[in-house]
Protein chains: 2
Amino acid sequence: MNSTVYIGNKSIMNYVLAVLTQFNKENAEKVIIKARGKAISRAVDVEEMVKNRFLPDVEVKEVKLGTDQIKNEEGKLINISTIEIVLSK
Amino acid sequence: MNSTVYIGNKSIMNYVLAVLTQFNKENAEKVIIKARGKAISRAVDVEEMVKNRFLPDVEVKEVKLGTDQIKNEEGKLINISTIEIVLSK
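These notes cover the structure that comes with them. (Residues numbered from 1 in each chain as written. Chains lettered and ligands numbered in written order. Predicted model: local features only at pLDDT ≥ 70, side-chain atom pairs only at ≥ 80, totals over all residues. Heavy atoms only, no water.)

1. Concerning the pairing of strand β3 (residues 59-71) of chain B
Residues and elements named next belong to chain B. So the rule is basically this: A pair of strands is treated as paired once DSSP finds two or more bridges between them. For helices the rule is a DSSP run of H or I covering at least 4 residues; for strands it is a run of E covering at least 2, with both sets numbered from the N terminus onward.
Summarising the sheet, β3 and strand β4 (residues 77-88) pair through twelve bridges and their orientation is antiparallel. Opposite E62, over in β4, you have V86 as the bridge partner. Hairpin connection, β3 to β4: the antiparallel pair is bridged by five residues, and G75 has positive phi, about 80°.

2. So, the interface of chain A and chain B
Selection criterion: Throughout, a contact is declared for two residues whenever any of their heavy atoms are within 4.5 Å. Take the accessible area each of two parts loses on contact, using a 1.4 Å probe, and add the two losses: that sum is the buried area. In the sections that follow, a salt bridge refers to a side-chain nitrogen of Lys or Arg positioned within 4 Å of a carboxyl oxygen of Asp or Glu. We define a polar contact as two N or O atoms separated by no more than 3.5 Å, with the added condition that, inside protein, one atom must be a possible hydrogen donor and the other a possible acceptor, whereas residues neighbouring each other in sequence contribute only through side-chain atom pairs. Residues are sorted three ways: Asp, Glu, Lys and Arg are charged, Ala, Val, Leu, Ile, Met, Phe, Trp, Tyr, Cys and Pro are nonpolar, and all the rest, Gly among them, are polar.
Contacts between chain A and chain B engage 18 residues on the former and 18 residues on the latter. Of the roughly 1300 Å² buried between chain A and chain B on both sides combined, carbon and sulfur atoms contribute 58%. Three residues, S41(A), E48(A) and L65(A), lead the burial of chain A against chain B; their summed loss comes to 37% of the area buried on that side. Put simply, chain A and chain B have zero salt bridges between them. Here chain A and chain B share nine residue pairs in polar contact (both at pLDDT 80 or more) between them. Those elements giving two or more residues to the side of chain A that touches chain B turn out to be α2 (39-54), β3 (59-71) and β4 (77-88) of chain A. Looking at which element gives the most residues to the side of chain A that touches chain B, the answer is α2(A), with eight residues. Residues of the side of chain A that touches chain B, tallied by class, amount to five nonpolar, eight polar and five charged.

Have a look at this one:
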């Protein structure tokens, strides 16, 4: 089973707990951490904290970088960078 | 020849130009984009802009995530996330 955790503006620990829950309670084999724009740095913080402090057996299997198009406040299409970090046990 | 571009607080275009210069003028085969903390999102922006707008032949060969320890303003050691994006022609 694969699960995805989307990184937003909450504190890092919220997302760390979400990842730990997927691995521990839901028995996920892979958890994908996804983020866009400025939340990308926070996604790396979450991955590093999960791996270094809580689940040393978890590995980063893949890191995918990309671009999405979103509408800004004025309704104009703009590019925003994306990251997907695939963690697996 | 490998070259490294460190991402700081300048505008994205500065770093895009630095990467293009390494590939074009210096004939680098690989360029490594490195960033820490909040600059990580900007590093992805630079990589995406280089690849999508300027050098479509360039590939992301590897993305390494990690943690550095740095001293904060009070002299206390804190963890900061890092990224290395390896681009190659």
